[in-house]
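Remarks on the overall topology
One letter stands for each residue in the lines below.
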Amino acid sequence: MSVPRGAIHAKWIVGKVIGTKMQKTAKVRVTRLVLDPYLLKFFNKRKTYFAHDPLQQCVVGDIVLLRALPERRSKHVKHELAEIVFKVGNVIDPITGKPCAGTRFLENLSDSENLTEADTTYLSEKLQELKVCSTDK
Amino acid sequence: MPMKGRLPVRRTLQYLSQGDVVFKSSVKVMTVNYNTAGELSEGARKFVFFNIPQIQYKNPWVQIMLFRNMTPSPFLRFYLDNGEQVLVDVEDKTNKEITEHVKKILGKSKETLEKEEGERKKLSHPATFGPKKYHLRECMCEIEGQAPCPAFVPLPKEMRGKYKAAMKNEA
């Protein structure tokens, strides 16, 4: 019944997980930019792939990197999970290595334990300026 | 009647073919993370606006994904065939610098591109005639200075096969 098929075309792809209801399989949506022949503009074209995820560590919304399997695992599953690039709700900025959310870092970047005396006096002075004084009526 | 959109020159074939970044065959995926606001991400935004169409036009088999406002710092990430990942920090860089850097690290060099162009030219002979898909011209009548196409201008009597055959039969 199994016909010898050619090698899988997409060797490495990056996509977003849209479903994990299947056991040990993640449904991943991959978007590529395709040129419209008349408008000459690039639009996202989506395609869903099924990826083998043995530890079921994917959650809906993760950005994952898939690797093509040497041969198909089943009729639709031709890829496996290589790496979770960005975990939803727990994005780590690869440049600094710190957790972040949107355009701000979640943890304090400056090290507040190693402040010197001069720093603390300077900061307390600044805080004094910011204190709101009650106006006498 | 002008074209629609902001800077529709980006949607012309001439602009698209002017892109000079052709990735090496090992590059499979390119991911761009940038922010829609902020001075540091300005170069990345310009890169996405101006240069991404050119790059995708020249590399139709590379998957390009754009992520907005996911991390505070803008960066590019390339996934190569051997599993290697290349991280390029583009904070505080102009879009020209970004394209130059990407061309230097992962682009095919000019010599390789010229060599490939030469190989492609060798396959097709420019002096043959035939269907537009495989040859430059379809018929000799297309060339200036040659006899016009008999579909539009009838050939003189002496050149027609009918007349020549009749002459031969008489003689």
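Residues numbered from 1 in each chain as written. Chains lettered and ligands numbered in written order. Predicted model: local features only at pLDDT ≥ 70, side-chain atom pairs only at ≥ 80, totals over all residues. Heavy atoms only, no water.

**Here's the deal with helix α3 (residues 95-106) of chain B**
Residue and element names in this part refer to chain B. Here α3 contains 12 residues, and its C-alpha end-to-end distance of 16 Å stays within 8% of the 16 Å for a straight helix at 1.5 Å per residue. Within α3, burial applies to Asn95, Ile98, Thr99, Val102 and Leu106. Along the long axis of α3, the arc covered by the buried residues comes to 95 degrees, so they all point the same way. Facing away from the buried side of α3 by over 90 degrees, the exposed positions are Lys96 and Lys104. (Helix = DSSP H or I, 4+ residues; strand = E, 2+ residues; numbered from the N terminus. Expected span 1.5 Å × (residues − 1). Buried < 20%, exposed > 50% of the residue type's maximum accessible area, 1.4 Å probe, protein only. Arc of directions from axis to C-beta.)

**A short note on the sheet that holds strand β2 (residues 63-68) of chain B**
Residue and element names in this part refer to chain B. Strands sit in the order β2-β1-β3-β4 across an open sheet of 4 strands; the sheet is mixed. Looking at strand neighbours, the two that pair on one side only are β2 and β4 (85-89), the edges of this open sheet. Adjacent strand axes in the sheet meet at a mean angle of 15 degrees when their direction is disregarded. As paired strands, strand β1 (residues 27-34) and strand β3 (residues 75-80) are joined by 6 bridges and run antiparallel to one another. In the sheet register, Asn33 faces β3, and the bridge partner there is Phe75. In the packing of helix α2 (residues 42-58) onto the sheet, the strands contacted are β1, β2 and β3, and the crossing angle to β1 comes to about 160 degrees. Lying over the sheet, α3 contacts β1, β3 and β4, oriented at roughly 20 degrees with respect to β3. (Pairing = 2+ DSSP bridges. Axes fitted to C-alpha atoms, helices over the stretch in contact; angles between N-to-C directions. Contact = heavy atoms within 4.5 Å.)

**Thoughts on the interface of chain A and chain B**
Interface extent is often summarised as the accessible area lost during association of the parts. Every contact between the two is made by 30 residues of chain A and, on the other side, 31 residues of chain B. With both chains or domains summed, chain A and chain B bury close to 2600 Å², and 69% of this area falls on carbon and sulfur atoms. Linking chain A with chain B are 0 salt bridges, by the criterion used here. Taken together, the connections running from chain A to chain B amount to 7 residue pairs in polar contact (both at pLDDT 80 or more). For the side of chain A that touches chain B, the element with the highest residue contribution is strand β2 (residues 25-35) of chain A, accounting for 5 residues. A class-by-class count of the residues in the side of chain A that touches chain B yields 19 nonpolar, 5 polar and 6 charged. (Buried area = accessible area lost by both parts, 1.4 Å probe. Salt bridge = Lys/Arg side-chain N within 4 Å of Asp/Glu carboxyl O. Polar contact = N/O pair within 3.5 Å; in protein donor to acceptor, adjacent residues only side chain to side chain. Nonpolar A, V, L, I, M, F, W, Y, C, P; charged D, E, K, R; others polar.)

**Section: the sheet that holds strand β8 (residues 104-105) of chain A**
Residues and elements named next belong to chain A. Pairing is antiparallel across the open sheet formed by 3 strands, whose spatial order is β6-β7-β8. At either end of the open sheet lies a strand with only one pairing partner, and these are β6 (91-92) and β8. Both strand β7 (residues 99-101) and β8 contribute to a ladder of 2 bridges, which runs antiparallel. If you follow Ala101 over to β8, its bridge partner there is Arg104.

**A word on the side chain of B:Asn95**
Residue and element names in this part refer to chain B. Mapped onto the elements of the fold, Asn95 is located in helix α3. Looking at Asn95, the relative accessible area reads 18%, which means it is buried. Only 3.2 Å separates the side chain of Asn95 from the side chain of Asn51, close enough to count as a polar contact. Ignoring sequence-local partners within four residues, the contact set of Asn95 consists of Gly43, Lys46, Phe47, Phe50 and Asn51.

**Describing the confidence of the model for chain B**
Mean pLDDT over chain B: 92, with 100% of residues reaching 70 or higher. Interface confidence for the predicted complex, expressed as ipTM, amounts to 0.78; the pTM equals 0.78. (pLDDT = per-residue confidence, 0-100.)

**Digging into the pattern of salt bridges**
A full pass over the atoms with the stated rule returns 8 salt bridges over all chains. Residue A:Glu80 pairs with A:Arg67 through a salt bridge whose shortest N-O separation is 2.5 Å. One end of the pair, A:Glu80, is in strand β5 (residues 77-86); the other, A:Arg67, is in strand β4 (residues 63-68), with 13 residues separating them in the sequence. Classification of A:Arg67 by relative accessible area gives partly exposed; the value is 31%. Put simply, B:Lys103 and B:Asp20 hold a salt bridge, and the shortest N to O gap is 3.1 Å. Taken together, the positions of B:Lys103 in helix α3 and B:Asp20 in the loop between α1 (13-17) and β1 put the pair 83 residues apart, joining distant regions of the chain. The exposure class of B:Lys103 is partly exposed, given its relative accessible area of 27%.

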